[in-house]
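What follows is each chain in one-letter form.
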Amino acid sequence: MSELEALPAGGAVASGYEGVRAAFLAAQAQDPGGAQLCVYRHGQRVVDLWAGRDPANDRPYGEDIIGVLMSCTKGVIAAAVCLLADRGLVDFDSPLARYWPEFGQAGKDEITVRQAMSHTAGLMGYDAEAGMGPAELFDPKRCTAEIERMAPLWAPGTAVFYHFVNYGTLAGELIRRVDGRTPGAFVADEIVRPLGIDLWIGLPVSQESRRAPHFNAPGPQVGVDQWRAMMAAAGIDLEDRLIRSFLATATATDAAIEQMNTSRAFRAAELPAGNAIADARALAKVYAALIGRVDGFRLISLEAMERARECQTAGLGPPGELAKLARGEPQPFGLGFELPSGVKPMLGPGSFGHAGAGGRMGFAHPETGVAVGYVCNTMRPLFFEPDTRWVGWTEALREAVGL
């Protein structure tokens, strides 16, 4: 029996998508963990696959497995904000302080919702002196208080750099101020329930047994020590305020990712930047509902969808000392969504979505009616080139839809 034949796997594909299945299984045969891949086209599920193992629980990575989405969560939160805007409750060009008055301290009174959503607000991380460790990142009151009192790390709107934790604080508190519900409750009521999907921001204990813990792939990882070494080699001033904020936030985030594996409290809490827990079907269906009707339900209007994927960061580069690390074009952003790049090509121009640490990915391509969800439990670094697990099935999917 070949390695591929021995792989625990299941699912189905519609006619014409057999190449997607073959490429997904071939990639997964080389991975020590498991994964799920789901694709919708024009509101119909055409790919629904799972393969590999959940080593922590010594079981196959089956169709009922759920896992932490990491920063794919940001795409779900972006959908929530776009939904509020589509209802006329949020104006992207208004100051964020219009909805969250305490935010307008320390030179932040003119930061717009658009800037907060597009990673240009100058609030990439908390100040190093704030003492924001992993536990603090999961305390929404502490997060909002710290972001209220801090000054921007660069002039808002003049540069772009991924707000890898603070995006969740900014967008999540906006949702709460406008709607009254927490971001997790809003998503549950307005997205999860209408779509009938398995997705939680704040996992109930009844679902714990379905979760597959994540683990690092064999080989080198990129942690804070590696970042510090790369920065020093690039001639970056490690005592610069922005750099100190980056390193402190990266340290806390690395620890938080580990805590999501080991601590029930971290999974039960709401981290709108990164602790949604779901399966690939849920992630794909969210994106399908952003670009069209699924089971009779559409999340946002066509006009709102077009606005969401409009690039907000053209002509902007990294701020300050971080510009010394620049390699190629910076990641472009829409309104909370990542747009295609060399590292995250999706299906090319027109696509929008969001990747998550370790290799998770969700996106849509409206021109072909395609929506994709990919989740996994093996953590692989993702910095300068696409995850090798995506490449084969992405190319097969392009062929299947005529791109």
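Residues numbered from 1 in each chain as written. Predicted model: local features only at pLDDT ≥ 70, side-chain atom pairs only at ≥ 80, totals over all residues. Heavy atoms only, no water.

Student: Give me the lowdown on the environment of M361, citing residues and values where you can.
Tutor: Mapped onto the elements of the fold, M361 is located in strand β10 (residues 360-365). Residues M361 and R264, spaced 97 residues apart in sequence, show a C-alpha to C-alpha distance of 24 Å. (Helix = DSSP H or I, 4+ residues; strand = E, 2+ residues; numbered from the N terminus.)

Student: Pulling in residues and values, what's your account of unusual backbone geometry?
Tutor: Even without glycine at this site, M70 takes up a positive phi of about 50 degrees. The residue M70 is located in the loop between β5 (67-68) and α3 (72-86) in this model. Its identity is not glycine, yet D295 carries a phi of approximately 50 degrees, on the positive side. For D295, the position within the fold is in the loop between α12 (280-291) and α13 (302-308).

Student: Please set out the nonpolar core residue by residue, giving values where relevant.
Tutor: In this structure, M117, L137, V187, L199, L290, F337 and F352 are the most contacted members of the largest nonpolar core, which totals 105 residues. If sequence neighbours within four positions are ignored, F337 has contacts with G75, A78, A79, C82, Y287, L290, A308, P332, F352 and G353. The next biggest cluster of nonpolar side chains, apart from the first, holds 30 residues, and it includes Y17, V46, V370 and V372. (Core = buried A, V, L, I, M, F, W, Y, C linked by side-chain atoms within 4.5 Å. Buried < 20%, exposed > 50% of the residue type's maximum accessible area, 1.4 Å probe, protein only. Contact = heavy atoms within 4.5 Å.)

Student: I'd like a rundown of the packing of aromatic side chains, residues and numbers included.
Tutor: Applying the stated criterion to the full structure yields 11 aromatic pairs. Between W100 and F103, the ring centres sit 5.1 Å apart and the planes meet at 40 degrees, which makes this aromatic pair tilted. Assessed through its relative accessible area of 0%, W100 is described here as buried. Centre to centre, the rings of F161 and F246 are 6.0 Å apart; their planes meet at 70 degrees, and the pair counts as edge-to-face. Separated by 85 residues along the polypeptide, F161 in the loop between α6 (140-149) and α7 (166-179) and F246 in helix α10 (residues 241-262) bring together distant segments of the chain. (Phe/Tyr/Trp six-rings, centres within 6.5 Å; stacked < 30°, edge-to-face > 60°.)

Student: Account for the sheet that holds β5, with residues named and values stated.
Tutor: The 3 strands lie next to each other as β5-β8-β6, forming an open sheet whose pairing is antiparallel. Bordering the open sheet on either side are β5 and β6 (199-201), each of which pairs with just one other strand. Examined bridge by bridge, β5 and strand β8 (residues 276-278) share 2 bridges and lie antiparallel to one another. Bridging across to β8, V68 finds its partner in I277. (Pairing = 2+ DSSP bridges.)

Student: Talk me through the packing of α6 against α7; I want residue IDs and the actual numbers.
Tutor: Packing of α6 against α7 leaves a shortest axis separation of 10 Å and a crossing angle of 105 degrees. By the angle between their directions, the pair α6 and α7 is classed as roughly perpendicular. Contacts between α6 and α7 pair C143, T144, I147 and E148 from the former with N166, T169, L170, E173 and R177 from the latter. Here the residues of the contact of α6 with α7 sort into 3 nonpolar, 3 polar and 3 charged. (Axes fitted to C-alpha atoms, helices over the stretch in contact; angles between N-to-C directions. Parallel < 35°, antiparallel > 145°, perpendicular 65-115°, else oblique. Nonpolar A, V, L, I, M, F, W, Y, C, P; charged D, E, K, R; others polar.)

Student: Please provide a residue-by-residue account of the side chain of H163, values included.
Tutor: By the element assignment, H163 lies in the loop between α6 and α7. Residue class for H163 comes out buried when judged on its relative accessible area of 0%. Residue contacts for H163: discarding those within four places in its chain leaves K74, H119, T120, A121, G122, L123, M124, W154 and L170.

Student: Give a detailed account of the pattern of salt bridges, specifying residues and quantitative values.
Tutor: One pass over the structure, following the stated rule, counts 33 salt bridges. For E190, the salt bridge is made with R87, and the minimal N-O distance between the two is 2.9 Å. Placement of E190 in helix α8 (residues 183-195) and of R87 in the loop between α3 and α4 (113-117) is noted, with a sequence separation of 103 residues between them. Classification of R87 as partly exposed rests on a relative accessible area of 44%. The residue K285 makes a salt bridge to D295 at a minimum N-O spacing of 2.8 Å. Remark: D295 occurs in the loop between α12 and α13 and K285 occurs in helix α12; sequence separation between them is 10 residues. (Salt bridge = Lys/Arg side-chain N within 4 Å of Asp/Glu carboxyl O.)

Student: Let's hear about empty space enclosed by the protein: which residues, and what values?
Tutor: The tally for this structure, following the rule as stated, stands at 3 cavities of 30 Å³ or more. If you add up the space inside the largest cavity, you get close to 60 Å³. For the lining of the largest cavity, the secondary-structure elements that each account for two or more residues are β10 and α14 (388-400). Per-element tally for the lining of the largest cavity: the top contributor is α14, with 3 residues. Estimated volume of the second largest cavity: approximately 40 Å³. In terms of lining residues, the second largest cavity is bounded by Q36, L37, D48, L49, W50, E63, D279, A280 and R281. Of all elements in the fold, only β2 (34-41), β3 (44-54) and α12 reach the threshold of two or more residues within the lining of the second largest cavity. Sort the elements by how many residues they give to the lining of the second largest cavity and β3 lands first, with 3 residues. (1 Å grid on protein atoms, 1.4 Å probe; cavity = no way out; pocket = protein on both sides within 12 Å on 5 of 7 lines; lining within 4 Å. Points joined across faces, edges and corners; volume = space filled by probe spheres on them.)

Student: So, the layout of surface pockets: which residues are in play, and what are the values?
Tutor: The space that makes up the second largest pocket amounts to roughly 290 Å³. Elements represented by at least two residues in the lining of the second largest pocket include exactly α6 and α7. With 5 residues, α7 is the largest single contributor of residues to the lining of the second largest pocket. By residue class, the composition of the lining of the second largest pocket is 8 nonpolar, 5 polar and 5 charged.

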